[in-house]
Amino acid sequence: MELVKLLRHIKDEKVRRAIRVNAHVISTLRDYLIGKGFVEIFPVMVSKVTDPLTTVKESVELNFYGQSLQLTKSMIFHKLMALFTFDKIFVFSPNIRLEKITDDETGRHLVEFVQLDVEIKNAKRDEVMGLLEDMLIYLTEELKRSCYEELEFFGRTNITHIRPFPRMSYEEAVIKYGADFESKVSLASASPVWITDFPEDMREFYYKTDEKTKHMRDFDLLYPEGFGEAVSGGEREDSRECVLRKLAGKGKDDILEFYVKLLEAGLPPSCGFGIGIERLTRYVCGLEHVKFTRLFPRLPGLKEFAI
Ligand code: ASP
Ligand code: MG
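Residues numbered from 1 in each chain as written. Chains lettered and ligands numbered in written order. Predicted model: local features only at pLDDT ≥ 70, side-chain atom pairs only at ≥ 80, totals over all residues. Heavy atoms only, no water.

**With respect to the site of ligand 1**
Turning to step 1, where the next piece is worked out: In the vicinity of ligand 1 there are 14 residues, among which K79, R97, Y206, Y207 and R236 approach most closely.
Turning to step 2, where the next piece is worked out: Between ligand 1 and the protein, one listed contact pairs an oxygen atom with a side-chain N or O atom of R97 at 2.8 Å.
Turning to step 3, where the next piece is worked out: For ligand 1, whose unbound accessible area comes to 270 Å², protein coverage reaches 96%.
Turning to step 4, where the next piece is worked out: Elements that contribute at least two residues to the shell around ligand 1 include exactly α3 (76–82), β6 (112–121), β10 (228–235) and β11 (270–276).
Turning to step 5, where the next piece is worked out: Of the residues in the shell around ligand 1, the class split is four nonpolar, five polar and five charged. (Near = heavy atom within 4 Å. Polar contact = N/O pair within 3.5 Å; in protein donor to acceptor, adjacent residues only side chain to side chain. Areas by Shrake-Rupley, 256 points an atom, 1.4 Å probe, with all protein chains shown as cover. Helix = DSSP H or I, 4+ residues; strand = E, 2+ residues; numbered from the N terminus. Nonpolar A, V, L, I, M, F, W, Y, C, P; charged D, E, K, R; others polar.)

What follows is the structure, given as structure tokens:
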């Protein structure tokens, strides 16, 4: 039965076309970044330190040669370390995140997905947000050339973005739309929209805290039309004291010790982001669920397609 369902999915015309678009999304983003002087590195799939995401508590642990390693939730620490060697890097990184079982209904969650991780040495938030806007506009215009037939099939030949994308702080979003603003902002907007300056306790410690405002120098990008979160990113925490304060009593001593060692070793200041590729393709194609962008999707709870 499971196999029958999976084969039906694999042969679905919508899936075939979305995956063709996805292939062009990857090659266009890669060409764009290489053209801007970025170096592509390969992904890390198992490691001793991975992203201590505030939203995903559980990790997948493996025993390798008697050592405990985890499957990558994100390559955040490895992309920061890459800046000891390179000024600008990117990686198409497979991530495993054990999202809540009920998240199979959101249309946005996969347990296994690919994130384009980008990091730039000595960069500030505005520069990186500008790069992302430019990259997304380049991508959608390029896809209208390379995948016109597919976009026509999905009724999505008219996606047009204008820079700069509107921007509001977390605080403004809460005042205007309430605490669960994300889907409301996304639905109300005709353009991708930035949310910036999240409060410290909602975000991972590695985003830089602005000493004056006590907010993070970070950002999320939301897609319009209700497609929700596209990107998380920001400047990176480079103050030892802030790291110690943010992680105190959080039970993450291994990560704390590791990050402090990186700072002591001279980790360069940087700014970067991660953008989920399947969500991007879902948005470009206007699909109701992100599962249609993968031949072998892994949904939260592994209710379908687990083969
Ligand atoms: N590590 C972040 C995430 O996976 C992205 C980033 O800040 O670069 O959401
Ligand atoms: Mg995020």
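**A look at the layout of surface pockets**
Turning to step 1, where the next piece is worked out: A volume near 970 Å³ is recorded for the largest pocket.
Turning to step 2, where the next piece is worked out: Forming the walls of the largest pocket are 43 residues, and the residues nearest its centre are T55, R97, D220, E229 and S232.
Turning to step 3, where the next piece is worked out: Listed by contribution, the elements that provide at least two residues to the lining of the largest pocket are α3, β6, α7 (181–188), β9 (218–223), β10, β11 and α10 (277–285).
Turning to step 4, where the next piece is worked out: Among the elements that line the lining of the largest pocket, the one with the most residues is β10, at four residues.
Turning to step 5, where the next piece is worked out: When the residues that make up the lining of the largest pocket are grouped by side-chain class, the tally is 17 nonpolar, nine polar and 17 charged.
Turning to step 6, where the next piece is worked out: Taken as a whole, the second largest pocket holds about 510 Å³ of empty space.
Turning to step 7, where the next piece is worked out: Lining the second largest pocket we find 25 residues, and of these P52, L53, L247, K250 and K252 sit closest to its centre.
Turning to step 8, where the next piece is worked out: Counting residues per element, the ones that place at least two in the lining of the second largest pocket are α8 (240–247) and α9 (253–264).
Turning to step 9, where the next piece is worked out: When residues of the lining of the second largest pocket are assigned to their parent elements, the largest contribution, three residues, is made by α8.
Turning to step 10, where the next piece is worked out: For the lining of the second largest pocket, the class distribution of residues is seven nonpolar, five polar and 13 charged. (1 Å grid on protein atoms, 1.4 Å probe; cavity = no way out; pocket = protein on both sides within 12 Å on 5 of 7 lines; lining within 4 Å. Points joined across faces, edges and corners; volume = space filled by probe spheres on them.)

Nothing here speaks to function; it is geometry throughout.
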